[in-house]
Amino acid sequence: MAKNKITDGLRQKKNGVWERSEVISGKRRWFSSKNPEEVWTKRNAALGEAENEKTERDLGPLFEIVSDVYESEVLKMKNGTQKSYLPAIKRAKAYFRGKHMREIEPYMITQFLQSLSGMAHTTVSNQKTVLNAIFQCWIDSPNWRGDTNPAALVKMPRGLKRGKRSPPTDKQVDVVKQHFMDPDALPAVVFLCTGERRGEACGIQLKDIDFENNAIQIKNAIEHINNRPHITSTKTEAGVREIPLLQMLKSALKPLRNLPPETYILSGTDRPLTASQYTHRWAAFWRKHGMAHAVIREKARTRNGKKYIIKQTDWVADICAHQFRHEYVCMLCLAGIPEEVAILLVGHANVKMIHEVYLSLKPQMVTDARNKLDALLRSKG
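Every value quoted in this text rests on a predicted model; they were computed, and no experiment measured them.

J.: Can you lay out the pattern of salt bridges for me, pointing to particular residues and giving the numbers?
T.: Pairing between side chains becomes possible if they bear opposite charge and their charged atoms approach one another. Applying the stated rule across the entire model yields 13 salt bridges. With its nearest N and O atoms 2.7 Å apart, the salt bridge here joins Arg-11 to Glu-19. The salt bridge involving Glu-200 is made with Arg-197; its shortest N-O contact spans 2.6 Å. With respect to burial, Glu-200 and Arg-197 carry one shared label: buried. It is possible to trace a salt-bridge network through shared partners that takes in Glu-196, Arg-197, Glu-200 and Arg-241.

Set out below in structure tokens:
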């Protein structure tokens, strides 16, 4: 049997160029070259591309390709969001790399989330949010036109660790109440009397405060990137709101009343605090009252070509500002503020966050409940 020649299936034109015509994926394609071997190379490459296109039509693009597109969207988001989502994207790509979008089924996502069971509930929840967003990115694309989101069908694994930050102790709250006119106490007074997130508190200016009607407008927030403050929007749309100006805070702000309207109340200047300035000021107040601890840090330095280590003592407060946000929610509960009003005051999109994260059962709440139940029983006697 005669061996096939490389020119079999090709046609040579008058100018010596070899050519092949073939229908691929329903379209006629032409491949030509003076070298017949190159004609077949081009034709085989086109067949490979057609096969890949068919696979992508049938199974969707590779997971990592869609993830890269979503990652480019995340890089436009706030720095805090990036810190939460970028590691989640990296983990997802490592797990699902090489799989096409339609190959990924709900059980696979369940297995992936279960493999993260050693992580905190919030971390795994963020991971599920990211997976959902990646599949939604595929669905929303006019080029890919995805049609399924298995992440939306999956439930969170049970038994995940839940971190719950406690409110400040009664002693810590009393320190703020007793020393609220101390200039160093102002950040703590702001957090206690507003329940604001740190970035939102750092973004309050005098012009946002209506001293006549005792109201504060929360409009912006400060995001710290590499120590520098950047003015940005609040964490959520619900973060833009009006909150009451409590008398304690009003009194603490009295020394600032004659400053320009653009003054940021925590810095006392027309520029918001840097991250390090905020940290130092926060620690300074709590250190005065024995509620901060020293941390020895070692830093490498080079001088005249010689390397040496210097030790630096930093003071770290035993309490963080966000704990006062929890305290504020407890205060709202103790004051009998309706739940639907409380959720607006703290600037959350739903009441679930108040129930699961912020609201802690304080002794006073138990006492109030006991007194009310006792009174109810007596009235029925």
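J.: Tell me about the pairing of strand 10 (residues 306-317), and please be specific about residues and values.
T.: Two strands pair when backbone bridges link them, and strand 9 (residues 292-303) and strand 10 are joined in this way by twelve bridges, in the antiparallel orientation. Counterpart to Arg-301 in the pairing with strand 10 is Tyr-308. Taking the residues that link successive antiparallel strands as the turn, the strand 9-strand 10 hairpin has two residues, and the phi of Asn-304 there is positive, at about 55 degrees.

J.: Which residues make up helix 5 (residues 121-140), and what values go with them?
T.: The terminal C-alpha atoms of helix 5, which comprises 20 residues, lie 28 Å apart, in line with the 28 Å expected from a rise of 1.5 Å per residue. Buried residues along helix 5 sit against helix 2 (63-74), helix 3 (79-96) and helix 4 (106-114).

J.: Can you lay out the nonpolar core for me, pointing to particular residues and giving the numbers?
T.: Grouped together as the largest cluster of nonpolar side chains are 47 residues, with contacts concentrated most on Leu-249, Ile-265, Trp-282 and Trp-286. Where this core is concerned, the elements lending two or more residues are helix 6 (170-178), helix 7 (186-194), helix 8 (198-202), strand 5 (215-218), helix 9 (247-252), helix 10 (275-288), helix 11 (322-334) and helix 12 (339-346). Residues contacting Leu-249, with those up to four places away along its chain left out, are Leu-186, Val-189, Val-190, Cys-193, Thr-194 and Ile-216. Val-66, Ala-88, Leu-116 and Val-130 belong to the second-largest nonpolar core, a separate cluster that totals 27 residues.

J.: Explain helix 12 residue by residue, including any values.
T.: Among the residues of helix 12, Ala-342, Ile-343, Leu-345 and Val-346 are the ones counted as buried. Along the axis of helix 12, the buried positions cluster into a sector of 160 degrees, meaning they face one direction only. The outward face of helix 12, more than 90 degrees from its buried face, is lined by the exposed residues Glu-340 and Leu-344.

J.: How would you sum up the sheet that holds strand 2 (residues 18-24)? Please name residues and give values.
T.: In space, the three strands of this open sheet follow the order 1-2-3, with antiparallel pairing throughout. This sheet does not close on itself; its edge strands, each paired only once, are strand 1 (11-12) and strand 3 (27-33). Bridging between strand 1 and strand 2 involves two bridges; their strand directions are antiparallel. Paired with Gln-12 across the strands is Trp-18, a residue of strand 2.

J.: Before we move on, could you go through the side chain of Gln-127 and cite the residues and values that matter?
T.: By the secondary structure assignment, Gln-127 is in helix 5. With relative accessibility at 0%, the residue Gln-127 sits in the buried group. With residues up to four places along the chain from it excluded, the contact list for Gln-127 reads Ala-88, Arg-91, Ala-92, Phe-112, Leu-113 and Leu-116.

J.: Now, about the sheet that holds strand 5: what can you tell me, with residues and values included?
T.: As a general point, the strands of a sheet are linked pairwise by backbone hydrogen bonds and lie either parallel or antiparallel. The sheet built from three strands is open, its strands ordered 4-5-8 with antiparallel pairing. At either end of the open sheet lies a strand with only one pairing partner, and these are strand 4 (209-210) and strand 8 (241-244). Here strand 5 runs beside strand 8; their pairing, made up of four bridges, is antiparallel. From the neighbouring strand, Gln-217 faces strand 8, where its bridge partner is Glu-242.

J.: Just give me the short version of unusual backbone geometry, but keep the residues and values in it.
T.: The phi dihedral of Asn-214 falls on the positive side, at around 55 degrees, and the residue is not glycine. With respect to the helices and strands, Asn-214 occurs in the loop between strand 4 and strand 5. A positive phi angle, near 80 degrees, is found at Asn-227, a position not held by glycine. Examined against the element boundaries, Asn-227 turns out to sit in the loop between strand 6 (220-225) and strand 7 (228-233). Assessed through its relative accessible area of 33%, Asn-227 is described here as partly exposed.

J.: Talk me through the pairing of strand 3; I want residue IDs and the actual numbers.
T.: Looking at chain direction, strand 2 and strand 3 are connected through seven bridges and run antiparallel. Pairing of Arg-20 across the sheet is with Phe-31, part of strand 3. Counting the residues between successive antiparallel strands, the hairpin from strand 2 to strand 3 contains two residues, one of them, Ser-25, with a positive phi of roughly 55 degrees.

J.: Account for the environment of Glu-103, naming residues and giving values.
T.: Along the chain, Glu-103 turns up in the loop between helix 3 and helix 4. By relative accessible area, which is 31% here, Glu-103 ends up partly exposed. Taking the C-alpha atoms as reference points, Glu-103 and Leu-59, separated by 44 residues in sequence, lie 6.3 Å from one another. Excluding anything up to four places from it in sequence, Glu-103 contacts Leu-59, Gly-98 and Met-108. Within the structure, Glu-103 has its side chain in polar contact with the backbone nitrogen of His-100 (distance 2.6 Å).

J.: If you had to explain the packing of helix 2 against helix 3 to someone new, which residues and values would you point to?
T.: Put simply, helix 2 and helix 3 touch, their axes get as near as 10 Å, and they point 175 degrees apart. If you check the angle between helix 2 and helix 3, you find them roughly antiparallel. Of the residues in helix 3, those touching helix 2 at Phe-63, Glu-64, Ser-67, Asp-68, Tyr-70, Glu-71 and Val-74 are Gln-82, Tyr-85, Leu-86, Ile-89, Ala-92, Lys-93 and Phe-96. Taken together, the residues of the contact of helix 2 with helix 3 break down into eight nonpolar, two polar and four charged.

Basis of the calculations
- Residues numbered from 1 in each chain as written.
- Predicted model: local features only at pLDDT ≥ 70, side-chain atom pairs only at ≥ 80, totals over all residues.
- Heavy atoms only, no water.
- Salt bridge = Lys/Arg side-chain N within 4 Å of Asp/Glu carboxyl O.
- Buried < 20%, exposed > 50% of the residue type's maximum accessible area, 1.4 Å probe, protein only.
- Pairing = 2+ DSSP bridges.
- Helix = DSSP H or I, 4+ residues; strand = E, 2+ residues; numbered from the N terminus.
- Expected span 1.5 Å × (residues − 1).
- Contact = heavy atoms within 4.5 Å.
- Core = buried A, V, L, I, M, F, W, Y, C linked by side-chain atoms within 4.5 Å.
- Arc of directions from axis to C-beta.
- Polar contact = N/O pair within 3.5 Å; in protein donor to acceptor, adjacent residues only side chain to side chain.
- Axes fitted to C-alpha atoms, helices over the stretch in contact; angles between N-to-C directions.
- Parallel < 35°, antiparallel > 145°, perpendicular 65-115°, else oblique.
- Nonpolar A, V, L, I, M, F, W, Y, C, P; charged D, E, K, R; others polar.

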